[in-house]
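Observations on chain architecture
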Amino acid sequence: MEQTPMVSIIVPVYNVEQYLSQCLDSLVNQTYQNIEIICVDDGSTDASSVILAEYALKNSRVRVIRQENSGLSAARNVGFSFAMGEYVMYVDSDDWIDVETCDTAVSVAIKHGADVVFWPYIREFIGTQRPKTLFFDDRIVFDKERFFEQVYKTIVGLHGDFLKHPENADTLVTAWGKLYRRKLLVENNAAFVSTKEIGTEDALFNMQALKSVECGVYVRKYFNHYRKNNATSLTSTHKPNLNVQWKRLFEHMLHTIEDVPHNEELLAALNNRISLSIIGLGLNALALPNREALMEIRGILSEKEYRAAIKTLPMRYFPPHWWAFFVCCKLNFSAGVFFLLKCMARMKG
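The rules we used
- Residues numbered from 1 in each chain as written.
- Predicted model: local features only at pLDDT ≥ 70, side-chain atom pairs only at ≥ 80, totals over all residues.
- Heavy atoms only, no water.
- Buried < 20%, exposed > 50% of the residue type's maximum accessible area, 1.4 Å probe, protein only.
- Helix = DSSP H or I, 4+ residues; strand = E, 2+ residues; numbered from the N terminus.
- Arc of directions from axis to C-beta.
- Pairing = 2+ DSSP bridges.
- Axes fitted to C-alpha atoms, helices over the stretch in contact; angles between N-to-C directions.
- 1 Å grid on protein atoms, 1.4 Å probe; cavity = no way out; pocket = protein on both sides within 12 Å on 5 of 7 lines; lining within 4 Å.
- Points joined across faces, edges and corners; volume = space filled by probe spheres on them.
- Nonpolar A, V, L, I, M, F, W, Y, C, P; charged D, E, K, R; others polar.
- Salt bridge = Lys/Arg side-chain N within 4 Å of Asp/Glu carboxyl O.
- pLDDT = per-residue confidence, 0-100.
- Contact = heavy atoms within 4.5 Å.

What helix 12 (residues 304-312) keeps buried is the set Tyr306, Ala309 and Ile310. For helix 12, the angular spread of buried residues about the axis comes to 100°, placing them on one side. Of the exposed residues in helix 12, those oriented more than 90 degrees away from the buried face are Lys304 and Lys311.

Right, here's the structure in full:
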């Protein structure tokens with residue numbers, strides 16, 4: 001008899017009435033039947049709650065948990081606490097997945113005894129799509145050593161040839177786009193830390209969750225559809241606490257990798273992440289008027305954490321435009337960094 005382990009799909013929901021039905025339709029119509037869809041209504045004030053109730057009434061696999069607004073991380077953690085499946089997936093409520101996602105992922109997980117199966121995604125803009133991936137083989141089976149070198153270390157921070165494309169720094173870090181063995185998350189005490197504290201939660205979660213992977217499998221199927229037209233971009237809304245939050249994030253990351261073998265390699269990768277974070281901090285600054293943005297960039301480049309990290313950044317991997325950007329960072333040339341970020345923001349998608 002074919003194995004059909006349960007998959008728990010955790011969906012945090014907050015004020016996404018415009019997109020929620022498309023997300024839920026992609027889940028209830030999965031070709032793989034043994035799923036539970038755990039929707040955590042994080043205090044929605046729009047029609048999201050009504051939509052969730054309608055789907056739960058029609059489909060017994062949809063379960064709705066309601067809580068006061070506590071943020072994405074808390075909603076994911078609450079959802080996981082109710083999960084009963086052998087495998088766990090996270091799906092954001094303004095995105096959607098292909099209907100064969102669970103079928104393929106579970107089949108691959110069973111075949112290879114994988115702790116995690118992961119895949120690339122498509123960025124969905126208004127009127128256009130853009131795929132995003134780091135690996136171009138149709139399937140890669142990673143043993144423990146290869147997973148550490150090519151996946152785990154890359155989640156900590158880009159390294160080696162991966163540095164040729166700094167714009168791909170967070171391609172692997174998303175919590176969605178992965179099928180996790182639930183036991184792995186439990187044994188590693190993996191949990192999401194509030195974005196209010198650390199700015200962004202997925203990379204740290206995966207550093208916790210994936211530190212003991214024995215086998216991981218990548219499949220080049222663009223199952224996840226990441227809606228970009230709904231996202232608030234770094235260059236449109238200034239986040240005044242982002243620098244402080246990311247410093248806390250780096251502290252959490254440092255603590256997470258303390259007991260992981262080959263710690264010195266991970267420290268080098270983390271230093272690269274800290275250096276590359278200047279891009280995100282700089283783009284965040286661009287939401288300010290030009291004079292204030294330039295001052296904020298100057299302040300970032302002068303801080304000891306970034307000065308120390310940028311000194312160790314290996315420059316030989318970068319293509320010319322990124323080489324010029326990080327030379328400006330090393331030289332503390334804030335006007336040059338500002339100009340290059342402006343150019344980057346115009347091309348960014």
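Let's pick the thread back up.
We now examine the sheet that holds strand 4 (residues 87-90). Overall, mixed pairing links the 8 strands, which are arranged 3-2-1-4-10-6-11-9 in an open sheet. One side of each edge strand has no neighbouring strand; the edge strands of this open sheet are strand 3 (62-67) and strand 9 (139-143). Strand after strand, the sheet turns through a mean of 20° between neighbouring axes, direction not considered. Two strands pair when backbone bridges link them, and strand 1 (residues 7-13) and strand 2 (residues 35-42) are joined in this way by 7 bridges, in the parallel orientation. Note on strand 2: the bridge partner recorded for isoleucine 10 is isoleucine 38.

Moving on: the layout of surface pockets. Computed from the structure, the second largest pocket encloses a volume of approximately 220 Å³. Ranked by the residues each element gives to the lining of the second largest pocket, the list is headed by helix 5 (residues 144-156), at 6 residues. Residue composition of the lining of the second largest pocket, by class: 7 nonpolar, 1 polar and 5 charged.

Another aspect to go through is the pairing of strand 8 (residues 128-132). The pairing of strand 7 (residues 121-125) with strand 8 spans 5 bridges and is classified as antiparallel. Across the sheet, tyrosine 121 pairs through a bridge with lysine 132, a residue of strand 8. If you look at the hairpin formed by strand 7 and strand 8, you'll find 2 residues sitting between the two strands, and glycine 127 has a positive phi there, around 85°.

This part covers the pattern of salt bridges. Tallied over the full model, the rule gives 16 salt bridges. Close ionic contact of arginine 76 with aspartate 92 constitutes a salt bridge, the shortest N to O distance being 3.0 Å. Residue arginine 76 is found in helix 3 (residues 72-82), and its partner aspartate 92 is found in the loop between strand 4 and strand 5 (96-97); the two are separated by 16 residues along the sequence. Using a relative accessible area of 1% as the deciding quantity, one classes arginine 76 as buried. Aspartate 92 gets classed as buried once you look at its relative accessible area, which sits at 15%. Of the charged contacts in the structure, one is a salt bridge between glutamate 214 and lysine 144, with a shortest N-O distance of 3.7 Å. Residue glutamate 214 is located in the loop between helix 8 (202-209) and strand 11 (215-219), and its partner lysine 144 is located in helix 5; the two are separated by 70 residues in the primary sequence. Its relative accessible area of 41% is what places lysine 144 among the partly exposed residues. Here the residues in one salt-bridge network are Arg76, Asp92, Glu201 and Asp202, joined through shared partners.

Attention now goes to the confidence of the model for the protein. The predicted model of the protein averages 94 in pLDDT, with 97% of residues at 70 or higher. Here residues 231-235 is a poorly scored stretch, pLDDT under 50, and it has 11 contacts once near neighbours within four places are set aside; other chains count.

Overall, mixed pairing links the 4 strands, which are arranged 5-12-7-8 in an open sheet. Each edge of the open sheet is held by one strand with a lone partner, namely strand 5 and strand 8. Here 4 bridges tie strand 7 to strand 12 (residues 224-227), and the two strands are oriented parallel to one another. Across the sheet, residue tyrosine 121 finds its bridge partner in strand 12, namely asparagine 224.

Evaluation of the coordinates by the stated rule reveals 2 cavities of 30 Å³ or more. In this structure, the largest cavity encloses a volume near 110 Å³. Looking at the largest cavity, it is lined by 16 residues, and the ones nearest its centre are Trp119, Pro120, Tyr121, Thr171 and Leu172. In this model, the second largest cavity occupies a volume close to 30 Å³. What lines the second largest cavity is simply Asn77, Phe80, Tyr90, Leu185, Ala190, Ala191, Phe192 and Phe205.

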